[in-house]
Amino acid sequence: MLKGKTKTGFEYEFDENLFKDYELVELLAEVDDNPLVLPQIFKKLIGDRVKDLKDHVRDENGVVDIEKMVIEFEDIISTQATLKK
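Small disclaimer: the values here were computed from a predicted structure and weren't measured. (Residues numbered from 1 in each chain as written. Predicted model: local features only at pLDDT ≥ 70, side-chain atom pairs only at ≥ 80, totals over all residues. Heavy atoms only, no water.)

A separate point is the pairing of strand β2 (residues 11–14). Burial of β2 is one-sided: the residues Y12 and F14 facing one way are buried, the residues E11 and E13 facing the other way are not. With 4 bridges connecting them, strand β1 (residues 2–5) and β2 associate as antiparallel partners. Looking at the pairing, K5 lines up with E11 of β2. A loop of 5 residues connects β1 with β2, the two strands running antiparallel in sequence, and G9 in this loop sits at a positive phi of about 100 degrees. (Buried < 20%, exposed > 50% of the residue type's maximum accessible area, 1.4 Å probe, protein only. Helix = DSSP H or I, 4+ residues; strand = E, 2+ residues; numbered from the N terminus. Pairing = 2+ DSSP bridges.)

Per-residue confidence for the protein chain gives a mean pLDDT of 88, with 93% of residues at or over 70. Per-element confidence in the protein chain ranges from a low mean pLDDT of 80 for helix α4 (residues 66–84) to a high of 96 for helix α3 (residues 50–57). (pLDDT = per-residue confidence, 0-100.)

The residue Y12 is located in strand β2 in this model. For the pair Y12 and P35, spaced 23 residues apart in sequence, the C-alpha separation works out to 21 Å.

Let us look at the pattern of salt bridges. What the rule picks out here adds up to 8 salt bridges. One salt bridge connects K44 with D21, and the closest N-O pair in it is separated by 3.0 Å. Placement of K44 in helix α2 (residues 38–46) and of D21 in the loop between β2 and α1 (22–30) is noted, with a sequence separation of 23 residues between them. Residue classification places K44 among the partly exposed residues on the basis of a relative accessible area of 27%. Linking D48 and K43 is a salt bridge whose minimum nitrogen-to-oxygen distance equals 3.5 Å. On the basis of relative accessible area, K43 is assigned to the partly exposed category, the value being 48%. Via salt bridges that share partners, D21, E23 and K44 belong to a single interconnected network. (Salt bridge = Lys/Arg side-chain N within 4 Å of Asp/Glu carboxyl O.)

Moving on, we get to the nonpolar core. F14, I41, F42, L45 and I46 are the most contacted members of the largest nonpolar core, which has 20 residues in total. Among the elements of the structure, β2, α1, α2, α3 and α4 are those that each provide at least two residues to this core. Counting residues per element, this core draws most heavily on α2, which supplies 5 residues. Leaving out residues up to four positions away in the same chain, L45 has contacts with E13, F14, L18, L24, F73 and I77. (Core = buried A, V, L, I, M, F, W, Y, C linked by side-chain atoms within 4.5 Å. Contact = heavy atoms within 4.5 Å.)

Our focus in this paragraph is the environment of L28. With respect to the secondary-structure elements, L28 resides in helix α1. Taking the C-alpha atoms as reference, L28 lies 15 Å from E72; in sequence the two are 44 residues apart. Residues in contact with L28, not counting those within four places in the same chain, are I41 and F73.

In C-alpha coordinates, the structure reads:
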(Lines give C-alpha, C1' and ligand atoms only; values in the text may rest on other atoms or scores of the structure.)
Protein backbone atom coordinates (compact mmCIF):
# COMPACT_ATOMS: atom_id res chain seq x y z
CA MET A 1 0.00 0.00 0.00
CA LEU A 2 1.37 3.42 -0.96
CA LYS A 3 0.63 6.26 1.43
CA GLY A 4 1.27 9.94 1.15
CA LYS A 5 0.16 13.45 1.90
CA THR A 6 -0.31 16.28 -0.57
CA LYS A 7 1.24 19.70 0.01
CA THR A 8 -2.15 20.92 1.24
CA GLY A 9 -2.36 18.13 3.81
CA PHE A 10 -4.71 15.62 2.16
CA GLU A 11 -3.68 12.10 3.22
CA TYR A 12 -4.20 9.27 0.77
CA GLU A 13 -3.27 5.68 0.17
CA PHE A 14 -3.70 3.25 -2.67
CA ASP A 15 -2.50 -0.12 -3.86
CA GLU A 16 0.86 0.20 -5.60
CA ASN A 17 -0.30 -2.40 -8.15
CA LEU A 18 -2.48 0.34 -9.65
CA PHE A 19 0.64 1.56 -11.46
CA LYS A 20 0.64 -1.81 -13.26
CA ASP A 21 -3.02 -1.37 -14.28
CA TYR A 22 -3.19 -0.82 -18.02
CA GLU A 23 -6.58 0.87 -17.74
CA LEU A 24 -5.08 3.49 -15.44
CA VAL A 25 -2.28 4.05 -17.94
CA GLU A 26 -4.89 4.56 -20.67
CA LEU A 27 -6.69 7.14 -18.54
CA LEU A 28 -3.46 8.94 -17.69
CA ALA A 29 -2.52 9.06 -21.38
CA GLU A 30 -5.92 10.53 -22.22
CA VAL A 31 -6.18 13.16 -19.48
CA ASP A 32 -4.26 15.89 -21.35
CA ASP A 33 -6.60 15.68 -24.34
CA ASN A 34 -9.72 14.87 -22.34
CA PRO A 35 -9.73 16.23 -18.79
CA LEU A 36 -13.17 14.69 -18.29
CA VAL A 37 -11.42 11.38 -17.47
CA LEU A 38 -9.95 12.93 -14.31
CA PRO A 39 -12.84 11.77 -12.09
CA GLN A 40 -12.25 8.20 -13.31
CA ILE A 41 -8.56 8.49 -12.43
CA PHE A 42 -9.35 9.78 -8.95
CA LYS A 43 -11.84 6.96 -8.42
CA LYS A 44 -9.27 4.37 -9.52
CA LEU A 45 -6.52 5.86 -7.35
CA ILE A 46 -8.27 6.72 -4.10
CA GLY A 47 -11.68 5.08 -4.40
CA ASP A 48 -14.15 6.20 -1.76
CA ARG A 49 -11.77 8.92 -0.56
CA VAL A 50 -12.71 11.05 -3.59
CA LYS A 51 -15.49 12.63 -1.52
CA ASP A 52 -12.95 13.44 1.20
CA LEU A 53 -10.66 15.05 -1.36
CA LYS A 54 -13.50 17.12 -2.78
CA ASP A 55 -14.39 18.27 0.74
CA HIS A 56 -10.70 19.06 1.30
CA VAL A 57 -10.60 21.53 -1.62
CA ARG A 58 -14.18 22.81 -1.31
CA ASP A 59 -14.34 26.58 -0.77
CA GLU A 60 -16.55 28.56 1.61
CA ASN A 61 -19.27 28.72 -1.05
CA GLY A 62 -19.34 24.94 -1.46
CA VAL A 63 -17.55 24.95 -4.83
CA VAL A 64 -15.07 22.18 -5.59
CA ASP A 65 -12.53 24.08 -7.68
CA ILE A 66 -11.31 22.00 -10.62
CA GLU A 67 -7.94 23.73 -10.56
CA LYS A 68 -7.40 22.72 -6.96
CA MET A 69 -8.40 19.15 -7.81
CA VAL A 70 -5.86 19.10 -10.65
CA ILE A 71 -3.16 20.42 -8.32
CA GLU A 72 -3.95 17.65 -5.82
CA PHE A 73 -3.86 15.07 -8.64
CA GLU A 74 -0.49 16.31 -9.88
CA ASP A 75 0.86 16.31 -6.34
CA ILE A 76 -0.26 12.71 -5.72
CA ILE A 77 1.21 11.47 -9.00
CA SER A 78 4.51 13.36 -8.69
CA THR A 79 4.99 12.35 -5.05
CA GLN A 80 4.44 8.68 -5.85
CA ALA A 81 6.74 8.84 -8.89
CA THR A 82 9.46 10.31 -6.66
CA LEU A 83 8.95 7.68 -3.96
CA LYS A 84 9.13 4.82 -6.46
CA LYS A 85 12.63 5.91 -7.64
